[in-house]
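Residue-level listing of the chains:
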Amino acid sequence: MKAFIYTRARDSAQATNAAADGKTTKFIAGGTNLLDLMKLQVEMPEQLVDINRIGLDKIEETPEGGLKIGAMVRNAALATDLRVRTRYEALSRALLSGASAQLRNKATTGGNLLQRTRCYYFYDTTKPCNKRSPGSGCAALGGFNRIHAILGASEHCIATHPSDMAVAMRLLDATVETVKADGSTRTIPIATLHKLPGDTPDQETVLARDELITSVTLPPPPPGRQIYRKVRDRASYAFALVSVAAIIDQSGRSRMAFGGLAPKPWRVEAADQQTDPDAIADHVLQGAAGYGANDFKIPLARRVIRAVLRDIKG
Ligand code: SF4
């Protein structure tokens, strides 16, 4: 690990001001991904700003009937909150399907959204990777790409976004609130928080370097039953090969968001108009392309859509 300056912030203003001072800076909350990356020298910030004491750890009702989740709310606390369990079941289930109990006790809402891909080559500094080292190439394109994207990828990067939580939040049309060092705030729809790789896969979100996520707001849940189905190589402590967060209402209409398929939580609104599982899959998988070892994800995603609709109706 390379030496770095450690700063502990008392509030969000101190944290964002530290991040604006010209050094390459990372905010650290749970550290469940960042510390691994620093030990491997994939991330080498000059400064770490510890935000564990800035508050932002409450879950509050909104006047509209939704929930405002502080960025520092731990994944375990969010998953087990009674309001989340009863009104946002897909989110609770998605959280509980991620990582391990110990990691969920540390990982935060904001950090979960900003976790990095688990592409093997991103973590291996002996291999070319445009995300870690822009312009160096992509080892996954001609390498072992079983866990990689079939949608939204580019010739420069085919990594997937690893978060389960973000998939459920995408289903629920969450918004992400932020603040910058100049005090300005903004609300970002989760659909636009993460960028597709294009020719700049190192730029993963629309956030500025001094911009801190302060909360995530869930609108009132759409009517219908919610489900989160995660298909992975083992029953726990594994990232999704394909995951689906879904809501289906009494008339049979469904809405879905997907993990494991793309560089960001994937949702195709046009599929909501369909009720036949294969028609939904046709819309969702439009333009899907495998890279060899991940070709199986295309038929797997189709089967998972069928299974989810069968289970949720049953
Ligand atoms: Fe790097 Fe992306 Fe290629 Fe993985 S898929 S090696 S993260 S550029």
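To be clear, the structure that these remarks concern was listed above.
Report on the accompanying structure. (Residues numbered from 1 in each chain as written. Predicted model: local features only at pLDDT ≥ 70, side-chain atom pairs only at ≥ 80, totals over all residues. Heavy atoms only, no water.)

The subject of this paragraph is the packing of helix α11 (residues 277-284) against helix α12 (residues 297-313). Put simply, α11 and α12 touch, their axes get as near as 9 Å, and they point 135° apart. In terms of axis orientation, α11 runs oblique to α12. With respect to the hand of their crossing, α11 and α12 are arranged in right-handed fashion. Of the residues in α12, those in contact with Pro-277, Asp-278, Ile-280, Ala-281, Asp-282 and Val-284 of α11 are Arg-302, Ile-305, Arg-306 and Leu-309. Of the residues that constitute the contact of α11 with α12, the class distribution is six nonpolar, no polar and four charged. (Axes fitted to C-alpha atoms, helices over the stretch in contact; angles between N-to-C directions. Helix = DSSP H or I, 4+ residues; strand = E, 2+ residues; numbered from the N terminus. Parallel < 35°, antiparallel > 145°, perpendicular 65-115°, else oblique. Left-handed = near helix turned anticlockwise from the far one by under 90°. Contact = heavy atoms within 4.5 Å. Nonpolar A, V, L, I, M, F, W, Y, C, P; charged D, E, K, R; others polar.)

Moving on, we come to the sheet that holds strand β2 (residues 25-28). Taken in spatial order, the three strands make up an open sheet running β1-β3-β2, and their pairing is parallel. What marks the edges here is a single partner per strand, and that holds for β1 (5-8) and β2. Each adjacent strand pair in this sheet contributes to an overall mean axis angle of 25°, direction not counted. Relative to strand β3 (residues 47-50), β2 runs parallel, the two being bridged by four bridges. Among the inter-strand pairings, Thr-25 is bridged to a residue of β3, identified as Gln-47. Sitting on the sheet, helix α1 (residues 12-19) is in contact with β1, β2 and β3, with an inclination near 155° to β2. (Pairing = 2+ DSSP bridges.)

A positive phi angle, near 60°, is found at Gln-41, a position not held by glycine. We classify Gln-41 as partly exposed; its relative accessible area is 31%. (Buried < 20%, exposed > 50% of the residue type's maximum accessible area, 1.4 Å probe, protein only.)

Core analysis: the largest hydrophobic core is formed by 34 residues, its most contacted members being Leu-78, Leu-91, Leu-113, Met-169 and Leu-218. Contributing elements (two or more residues each) for this core: β5 (67-70), α3 (75-80), α5 (89-96), α9 (165-171), α10 (190-193), β8 (212-218) and β10 (242-248). Per-element tally for this core: the top contributor is α9, with six residues. Leu-78 has contacts with Ile-59, Ile-69, Val-73, Val-84, Leu-91, Leu-95, Thr-109, Met-165 and Met-169, leaving out every residue within four places of it along the chain. Of all hydrophobic cores here, the second largest spans 26 residues; its members include Leu-261, Ala-281, Val-284 and Val-304. (Core = buried A, V, L, I, M, F, W, Y, C linked by side-chain atoms within 4.5 Å.)

Within the structure shown, the criterion is met by three aromatic pairs. Centroid distance Tyr-120 to Tyr-121: 5.9 Å. Interplanar angle 80°. Geometry classified as edge-to-face. Residue Tyr-120 is classed as partly exposed on the basis of its relative accessible area, which comes to 32%. On the basis of relative accessible area, Tyr-121 is assigned to the buried category, the value being 14%. For the pair Phe-122 and Tyr-123, a centre-to-centre distance of 5.4 Å together with 85° between the ring planes defines the contact as edge-to-face. For the pair Phe-122 and Tyr-123, a shared accessibility class is recorded, and that class is buried. (Phe/Tyr/Trp six-rings, centres within 6.5 Å; stacked < 30°, edge-to-face > 60°.)

What follows covers the sheet that holds strand β11 (residues 254-259). Spatial strand order, β9-β10-β11: three strands in an open sheet with antiparallel pairing. With partners counted over all chains shown, the strands left at the sheet margins are β9 (225-231) and β11, one partner each. Taking the axes of each pair of neighbouring strands and ignoring which way they run, one obtains an average angle of 15° across the sheet. Where β10 lies against β11, six bridges are found, and the strand directions are antiparallel. Its bridge partner being in β11, Ser-243 is matched across the sheet by Gly-259. Against the sheet, α12 contacts β9, β10 and β11, and its axis sits at roughly 145° relative to β9.

Here we come to the site of the ligand. Around the ligand sit 14 residues in total, of which Cys-119, Cys-129, Cys-138, Cys-157 and Ile-158 are the nearest. When its residues are assigned to classes, the shell around the ligand shows ten nonpolar, three polar and one charged. (Near = heavy atom within 4 Å.)

Of all the six residues making up β11, six are buried; the element is thus mostly covered by neighbouring parts of the structure. Taking every second residue as pointing to the same face, both faces of β11 are buried, with Ser-254, Met-256 and Phe-258 on one and Arg-255, Ala-257 and Gly-259 on the other. Linking β10 to β11, which pair antiparallel, is a turn of five residues; within it Gly-252 sits at a positive phi near 95°.

If you trace the backbone, Gly-252 turns up in the loop between β10 and β11. Residue Gly-252 is classed as buried on the basis of its relative accessible area of 16%.

Along the chain, Ala-9 falls in the loop between β1 and α1. Residues Ala-9 and Asp-50 lie 41 residues apart in sequence; the distance between their C-alpha atoms is 6.0 Å. Ala-9 has contacts with Gln-14, Ala-15, Val-49, Asp-50, Arg-53 and Ile-54, leaving out every residue within four places of it along the chain.

Turning our eyes to something else, we now look at α11. Buried residues of α11: Ala-279, Ile-280, Ala-281 and Val-284, and no others. For α11, the N-terminal cap is Asp-276; the gap from its side-chain oxygen to the backbone nitrogen of Asp-278 is 3.2 Å. (Polar contact = N/O pair within 3.5 Å; in protein donor to acceptor, adjacent residues only side chain to side chain.)

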